[in-house]
Amino acid sequence: DVKVTQSSRYLVKRTGEKVFLECVQDMDHENMFWYRQDPGLGLRLIYFSYDVKMKEKGDIPEGYSVSREKKERFSLILESASTNQTSMYLCASSLLPGQGGTEAFFGQGTRLTVV
Amino acid sequence: AQSVTQLDSQVPVFEEAPVELRCNYSSSVSVYLFWYVQYPNQGLQLLLKYLSGSTLVESINGFEAEFNKSQTSFHLRKPSVHISDTAEYFCAVSFYSSASKIIFGSGTRLSIRP
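Read on for an overview of the structure.

Calculation notes
- Residues numbered from 1 in each chain as written.
- Chains lettered and ligands numbered in written order.
- Predicted model: local features only at pLDDT ≥ 70, side-chain atom pairs only at ≥ 80, totals over all residues.
- Heavy atoms only, no water.
- Helix = DSSP H or I, 4+ residues; strand = E, 2+ residues; numbered from the N terminus.
- Rg over C-alpha atoms; globule rule 2.2 N^0.38 Å.
- Contact = heavy atoms within 4.5 Å.
- Areas by Shrake-Rupley, 256 points an atom, 1.4 Å probe, with all protein chains shown as cover.
- Lys, Arg positive; Asp, Glu negative; His and termini not counted.
- Charge placed at Lys NZ, Arg CZ, Asp CG, Glu CD.
- Disulfide = S-S within 2.5 Å.
- Buried < 20%, exposed > 50% of the residue type's maximum accessible area, 1.4 Å probe, protein only.
- Pairing = 2+ DSSP bridges.
- Buried area = accessible area lost by both parts, 1.4 Å probe.
- Salt bridge = Lys/Arg side-chain N within 4 Å of Asp/Glu carboxyl O.
- 1 Å grid on protein atoms, 1.4 Å probe; cavity = no way out; pocket = protein on both sides within 12 Å on 5 of 7 lines; lining within 4 Å.
- Points joined across faces, edges and corners; volume = space filled by probe spheres on them.
- Nonpolar A, V, L, I, M, F, W, Y, C, P; charged D, E, K, R; others polar.

### Structural notes on the overall build of chain A
Step number 1: Per the secondary structure count, chain A includes 0 helices and 11 strands.
Step number 2: Each helix and strand of chain A, ordered N terminal to C terminal, gives the series β-β-β-β-β-β-β-β-β-β-β.
Step number 3: Computed over its C-alpha atoms, the radius of gyration of chain A comes to 13 Å, within 12% of the 13 Å expected for a compact globule of 115 residues.
Step number 4: Considered along the principal axes of its C-alpha atoms, chain A spans approximately 45 × 30 × 25 Å.
Step number 5: Expressed as a percentage of contacts within chain A between residues at least 6 apart in sequence, the contacts between residues at least 24 apart total 55%.
Step number 6: Carbon and sulfur atoms form 50% of the exposed surface of chain A, whose accessible area is close to 5,500 Å².
Step number 7: Side chains of chain A carry 15 positive and 15 negative charges; the gap between the two charge centres is 7 Å.

### A closer look at the state of the cysteines
Step number 1: For the coordinates displayed, the defined rule picks out 2 disulfides over all chains.
Step number 2: There is a disulfide in this structure between C23(A) and C91(A), and the S-S distance comes to 1.9 Å. Every disulfide takes its handedness from the sign of the S-S torsion; for C23(A) and C91(A) that torsion is -80°, giving left-handed. Residue C23(A) is found in strand β3 (residues 19-25), and its partner C91(A) is found in strand β9 (residues 87-94); the two are separated by 68 residues along the sequence.
Step number 3: Relative accessible area serves as the criterion here: at 0%, C23(A) is assigned to the buried category.
Step number 4: Shown here is the disulfide that connects C23(B) with C91(B), its sulfur atoms set 1.9 Å apart. Judged by the torsion about the S-S bond (-65°), the C23(B)/C91(B) disulfide is left-handed. Of this pair, C23(B) sits in the loop between β3 (19-21) and β4 (24-26) while C91(B) sits in strand β10 (residues 87-95), placing them 68 residues apart in sequence. Note on accessibility: C23(B) and C91(B) belong to one class, buried.

### Remarks on the pairing of strand β6 (residues 54-57) of chain A
Residues and elements named next belong to chain A.
Step number 1: When strand β5 (residues 42-51) meets β6, the two strands line up antiparallel, connected through 3 bridges. By the bridge assignment for β6, Y47 is matched with K57.
Step number 2: With antiparallel pairing between neighbouring strands as the criterion, β5 and β6 make up a hairpin whose turn holds 2 residues, including K53 at a positive phi of roughly 65°.

### Quick word on the interface of chain B and chain A
Step number 1: On the chain A side, the residues contacting the 24 residues of chain B number 27 residues.
Step number 2: When chain B packs against chain A, the two sides together hide about 1,800 Å² of surface, and 57% of this comes from carbon and sulfur.
Step number 3: The interface formed by chain B and chain A includes 1 salt bridge.
Step number 4: In this structure, the salt-bridge partner of E103(A) is K49(B), at a minimum N-O distance of 2.8 Å.
Step number 5: The set of elements that each furnish at least two residues to the side of chain B that touches chain A consists of β5 (31-38), β6 (44-50), β10 and β11 (102-104) of chain B.

### Quick look at the layout of surface pockets
Step number 1: As a volume, the largest pocket reaches approximately 490 Å³.
Step number 2: Mapped by element, the contributors of at least two residues to the lining of the largest pocket are β4 (31-38) and β9 of chain A together with β10 and β12 (108-113) of chain B.
Step number 3: Top element by residues in the lining of the largest pocket is β10(B). It accounts for 3 residues.
Step number 4: By residue class, the composition of the lining of the largest pocket is 8 nonpolar, 11 polar and 5 charged.
Step number 5: Taken as a whole, the second largest pocket holds about 190 Å³ of empty space.
Step number 6: Residue composition of the lining of the second largest pocket, by class: 7 nonpolar, 5 polar and 1 charged.

### Details of unusual backbone geometry
Most peptide bonds take the trans form, and the phi angle of most residues other than glycine is negative.
Residue and element names in this part refer to chain B.
Step number 1: In this structure, E16 takes a positive phi of about 75° despite not being glycine.
Step number 2: Despite not being glycine, T72 shows a phi value in the positive range, around 45°.
Step number 3: Within the secondary structure, T72 is located in the loop between β8 (64-68) and β9 (73-78).
Step number 4: For T72, a relative accessible area of 27% corresponds to the partly exposed category.

What follows is the structure, given as structure tokens:
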């Protein structure tokens, strides 16, 4: 089974702190994604990466950056955390099109609270 | 622009009644389509997917969805729901592209009344 592991289930940080959310997948997937989930808004794509050191902005990249130095690891960085970044953060990975389907496999999520 | 619309934010139904959760998408290129389910306090799990071929796809727990290209829809149905189907359901699309992102709808919360 595909496993996507997020480093923390719950995290509390102070306003202005630099926050790192880590995600690791064990299935050699090319694609990795970071979403945030908020009630009534569904999942909104922050960034995605289709290869090592490659990244593309999603729909809401402002206030975030990402790092993909190794294929299995995709990090989300909040440069200076703010209270409006309090949310559930979901990491996912998938194959590329043409590799048998592109469904995403999700981690359990990190609930981040910024105080 | 590419988008996914789930028309109903909440759907309350009685146990053993049929249910349909609606999903429409907008895309200028060919798509893959998915339904995901999120049970309370859990992550998202794939429920079913359409990649190509038969437009009717089924899940192991009795859900089915039909791809309708002319109406750009991928509605999810179940003829008889159970209490255990209480969850939030997300429709999603990805695109025939080498740098493929996956876009999700806003979700539909299915609540089952005994």
